[in-house]
Amino acid sequence: MLKNWRALLYLCLVALILAACSDSEEGTEEEEGDVITLEYWQYAFDAKVDLMDELIEEFESENPGIKVEQTNFPYDQYNEQVAVQVPAGNGPDIINLFYGWVPMYVDSGYLQPLPQDAFPHEEIEDEFFPLVEATKLDGEYWTIPTAVRTLALLYNKDLFEEAGLDPDSPPETWDELEEYALELTKSDDSGRLEQSGLAWEPAQQGHHWLRDGLTIQNGGQVLSDDRREVVWGEGDAGLEAFKYWLSFPTDLNTSEVGFFTDDVTAFMTEKAAMNIDGSFRIGTLQKDAPDLNYGVAPMPGKDEKSTGASFWTNGITADVEGEKLDAAVKFLEFLTSKEVMEKWLDGTGELPAREDVAMQDKFTEDEIYGPFIESLPFANAHFFVDETKERDLVIDAADRVLLEGMSPEESFEILVEETQALFNEYWSER
Amino acid sequence: MGALKKESEQKQSSSKFNKLLSNYKFQRNVFIISALLLPIIFYLGIRLLPTLYTFNIGFRDWNLLSAGPHPFIGLDNFIALFNDSVFIKSVVNTMIYIVLGVTGQLLFGMIVALLLHKINRFVGIFRVIYFIPYVTSIVAISWVFQWILMKNGVINDLLVMIGLSPQPFLNSPDQAIYLIIGAMIWQSIGFQMVLFLAGLENIPEMLYEAADIDGASGWQKFWKITVPLLNPTIVFSAVIGTINFIQISFTQVVNMSVNGAGGPLNSTTSVVVYIYQLAFNQFDLGMASAATVLLFLFILALTVFQLKVLTRKFDY
């Protein structure tokens with residue numbers, strides 16, 4: 001008799017678990033009357049979230065049949081949160097992604113290509129800055145950005161004056177950057193840095209600066225035109241750039257990894273006099289260091305002009321179809337319109353992705369944003385197959401030289417090899 | 001005839017059933033089982049089933065972002081792991097974490113407990129002082145250590161003051177792991193101390209008195225009485241400490257290592273950190289599950305080993 005009871009107990013258990021598991025099938029498709037609800041996800045960045053709330057209101061009043069709901073996740077958990085929601089069958093209709101993540105999302109079948117009737121390729125290529133091509137994969141555009149960001153040189157005017165440098169003529173070439181960094185560095189008797197001439201953090205913007213800035217400025221390339229081969233190691237340009245990059249924490253002793261925890265903190269607390277950073281940092285600086293007297297200059301160059309660029313970009317997820325797809329396209333068209341781009345610059349400090357919007361005088365002449373926008377025509381956004389891993393490879397390459405005393409030549413060779421291995425893996429699957 | 005028999009059987013069984021229902025013992029069992037049902041369901045649903053499912057995922061090519069299908073690929077994930085130098089590094093690091101961490105934890109926990117056992121005044125205050133780190137947030141402690149150990153931090157200031165050269169500490173692939181282990185040990189001394197104090201209380205005083213009469217020295221008493229009789233505590237502490245160490249080597253590493261992911265140069269990566277990166281940074285749930293399966297087997301083997309080797313019966 002007891003045995004029967006046990007069997008019954010197990011049955012109950014199984015039934016309960018099954019019931020608990022099978023709940024998520026319904027409820028995703030809500031249709032109240034003729035209203036279509038779009039789910040929009042972006043990462044939690046106060047300025048962007050607030051602006052998006054306003055934009056959604058505006059969009060909804062123009063399009064009565066469509067409702068948009070915004071969901072946000074913290075930046076460092078963004079991918080995890082998205083990943084966790086997929087098996088549960090939940091998810092956005094339109095998703096805002098960092099461009100370096102797009103290949104990974106395309107690979108896993110998460111996105112659908114942008115419909116060509118609404119977003120013709122020629123139009124994108126005519127009107128947007130060429131760097132948006134970083135998310136053109138397998139001959140399709142999968143995402144389209146509202147705004148882009150470039151890297152430039154931020155410098156502390158007060159520290160310039162203190163060191164006897166002219167705060168109105170920031171360094172423009174590699175040599176000048178070295179000189180200025182040396183002038184602006186202070187060390188104590190034991191050789192410890194007290195003030196860093198140039199903040200240097202491979203994990204932050206440092207790896208972009210190396211790839212999209214220094215390497216190309218020196219006449220080199222990281223990738224071949226078909227984006228299959230890592231040609232970074234061909235010729236001397238790449239290695240030279242790598243050595244120049246490393247000279248700041250080594251030969252020149254003007255910089256240190258982890259100086260006052262990171263480059264942004266060091267620059268904000270006036271412990272670092274210069275920093276290579278993005279336009280997206282301006283908002284943070286205005287908010288957290290309102291008294292900081294700083295200037296912005298285009299990234300110091302060499303033979304060629306080049307700077308790093310990156311962007312957050314919007315894609316439509318794979319399962320969206322029919323009326324919902326039409327609504328999603330409408331919302332995307334709205335997000336990439338001229339008016340929204342202008343508002344986006346005011347609200348978030350990110351630069352318009354359309355050339356004719358960005359290059360208006362009122363923007364290029366802006367003291368803070370001007371240098372970032374001026375850099376847009378020669379900005380490059382490296383095609384990442386795996387942003388996290390490629391970043392780690394650059395960090396490791398720097399660490400091998402800085403911490404293990406490996407020669408830059410050897411470390412650079414390993415960096416090129418390992419990056420190529422990542423690309424081989426990526427291309428072998430298509 | 002047959003029908004009659006069947007009927008009587010039925011009657012018999014139903015009366016048996018009624019009897020059973022009114023049976024006190026039976027009622028008690030029903031109550032106990034139903035009271036335990038919720039935790040059991042919870043355990044099965046949240047713990048056991050996902051664990052078993054992990055074994056399944058480990059043999060598949062499973063991208064976390066794709067909704068399927070997830071093809072079966074046999075041992076490919078495991079082979080890839082063994083060819084992955086970062087994984088091997090994380091296994092070696094985990095061993096270092098366990099061997100040094102658990103030994104240090106037991107050693108310092110025992111020393112503190114022995115000292116506290118000897119003093120009679122302010123025992124309460126000392127216990128609180130040693131126990132506070134254990135109940136403090138790991139994240140907070142890790143960040144305090146990070147600032148203390150910075151190139152421009154307090155410890156380097158002291159080193160420079162006494163004429164030594166400043167050290168890179170957490171920025172150095174040779175030093176970082178030991179500093180993290182040190183922080184972990186420091187934080188868990190309190191917990192070990194409590195266990196050992198309880199163990200010490202249980203050793204009868206008369207054994208020490210008898211040893212005194214025989215003229216035993218302090219060391220002899222320690223090695224012949226205290227250590228053998230503390231054996232059960234030591235075994236328990238070692239097993240719990242090991243499992244704990246494998247688990248918390250995550251939070252500490254993520255918050256104390258320079259890049260927040262086991263750096264520099266993967267010198268502080270532990271297996272759990274790497275599993276997390278595989279699953280949630282690279283979305284390779286298959287590889288992550290395979291690593292989890294290996295970790296599970298490792299912990300199982302280690303625990304069995306510890307129980308077999310360390311457990312000895314001592315009778316006095």
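- Looking at an unreviewed UniProt entry, one finds chain B named Carbohydrate ABC transporter membrane protein 1, CUT1 family, with Piscibacillus halophilus as its source organism.
- In its Sequence similarities (unreviewed entry) section, the UniProt record describing chain B reads: "Belongs to the binding-protein-dependent transport system permease family."
- Its UniProt record gives chain B a comment under Subcellular location (unreviewed entry), which states: "Cell membrane".

- Chain A is annotated in an unreviewed UniProt entry as Carbohydrate ABC transporter substrate-binding protein, CUT1 family of Piscibacillus halophilus.
- Under the UniProt heading Sequence similarities (unreviewed entry), the note attached to chain A is "Belongs to the bacterial solute-binding protein 1 family."

1. Here's the deal with the UniProt feature "domain: ABC transmembrane type-1" (unreviewed entry) in chain B
Step number 1: The UniProt record annotates "domain: ABC transmembrane type-1" (unreviewed entry) at residues 91-306 of chain B.
Step number 2: Split by type, residues 91-306 of chain B is 76% helix and 0% strand. Its first and last C-alpha atoms lie 19 Å apart.

2. A short note on the packing of aromatic side chains
All names here are of chain A.
Step number 1: Going through the model one piece at a time under the given rule, you end up with 47 aromatic pairs over all chains.
Step number 2: Pairing Tyr-99 with Phe-311 gives two aromatic rings, centres 4.9 Å apart and planes at 20°, and the pair type is stacked. Here the residue Tyr-99 occupies a position in the loop between strand 3 (94-98) and helix 4 (102-107), and Phe-311 occupies one in the loop between strand 13 (307-310) and strand 14 (312-317), the gap between them amounting to 212 residues.
Step number 3: Overall, the relative accessible area of 0% leaves Phe-311 in the buried class.
Step number 4: Here a set of aromatic residues connected by ring pairs shows up, and it is made of Trp-41, Tyr-43, Phe-45, Phe-73, Tyr-75, Tyr-78, Phe-98, Tyr-99, Trp-101, Phe-311, Trp-312 and Phe-384.
Step number 5: Its guanidinium or amino end placed over the ring of Trp-174, Lys-302 lies 4.9 Å from that ring's centre, counting from NZ or CZ.

3. Examining the domain arrangement of chain A
Frequently, the measure chosen for interface size is the accessible area that the parts lose on association.
Residue and element names in this part refer to chain A.
Step number 1: Taken domain by domain, chain A holds domain 1 (36-149 + 310-380) and domain 2 (150-307 + 385-428).
Step number 2: Computed over C-alpha atoms, the centres of domain 1 and domain 2 are 28 Å apart.
Step number 3: On the domain 2 side, the residues contacting the 24 residues of domain 1 number 23 residues.
Step number 4: Of the roughly 2,100 Å² buried between domain 1 and domain 2 on both sides combined, carbon and sulfur atoms contribute 58%.
Step number 5: The interface formed by domain 1 and domain 2 holds 1 salt bridge in total.
Step number 6: Between Lys-157 and Glu-367 there is a salt bridge whose closest N-O contact spans 3.9 Å.
Step number 7: Taken together, the links from domain 1 to domain 2 amount to 6 residue pairs in polar contact (both at pLDDT 80 or more).

4. Quick word on the packing of helix 9 (residues 205-213) of chain B against helix 10 (residues 218-248) of chain B
All names here are of chain B.
Step number 1: The interhelical angle for the contact between helix 9 and helix 10, taken along N-to-C directions, is 165°, at an axis separation of 11 Å. When the interaxial angle is binned, helix 9 and helix 10 end up roughly antiparallel. For the crossing formed where helix 9 meets helix 10, the hand is right-handed. The segment helix 9 lies against helix 10, with Leu-207, Tyr-208, Ala-211 and Asp-212 engaging Lys-221, Ile-225, Thr-226 and Leu-229.
Step number 2: Grouping the constituent residues of the contact of helix 9 with helix 10 by class yields 5 nonpolar, 1 polar and 2 charged.

The rules behind each value
Residues numbered from 1 in each chain as written. Chains lettered and ligands numbered in written order. Predicted model: local features only at pLDDT ≥ 70, side-chain atom pairs only at ≥ 80, totals over all residues. Heavy atoms only, no water. UniProt positions renumbered as here; feature names shortened; annotations may be inferred. Helix = DSSP H or I, 4+ residues; strand = E, 2+ residues; numbered from the N terminus. Phe/Tyr/Trp six-rings, centres within 6.5 Å; stacked < 30°, edge-to-face > 60°. Buried < 20%, exposed > 50% of the residue type's maximum accessible area, 1.4 Å probe, protein only. Lys NZ or Arg CZ within 6 Å of the ring centre and 35° of its normal. Domains from an automatic or database assignment. Contact = heavy atoms within 4.5 Å. Buried area = accessible area lost by both parts, 1.4 Å probe. Salt bridge = Lys/Arg side-chain N within 4 Å of Asp/Glu carboxyl O. Polar contact = N/O pair within 3.5 Å; in protein donor to acceptor, adjacent residues only side chain to side chain. Axes fitted to C-alpha atoms, helices over the stretch in contact; angles between N-to-C directions. Parallel < 35°, antiparallel > 145°, perpendicular 65-115°, else oblique. Left-handed = near helix turned anticlockwise from the far one by under 90°. Nonpolar A, V, L, I, M, F, W, Y, C, P; charged D, E, K, R; others polar.

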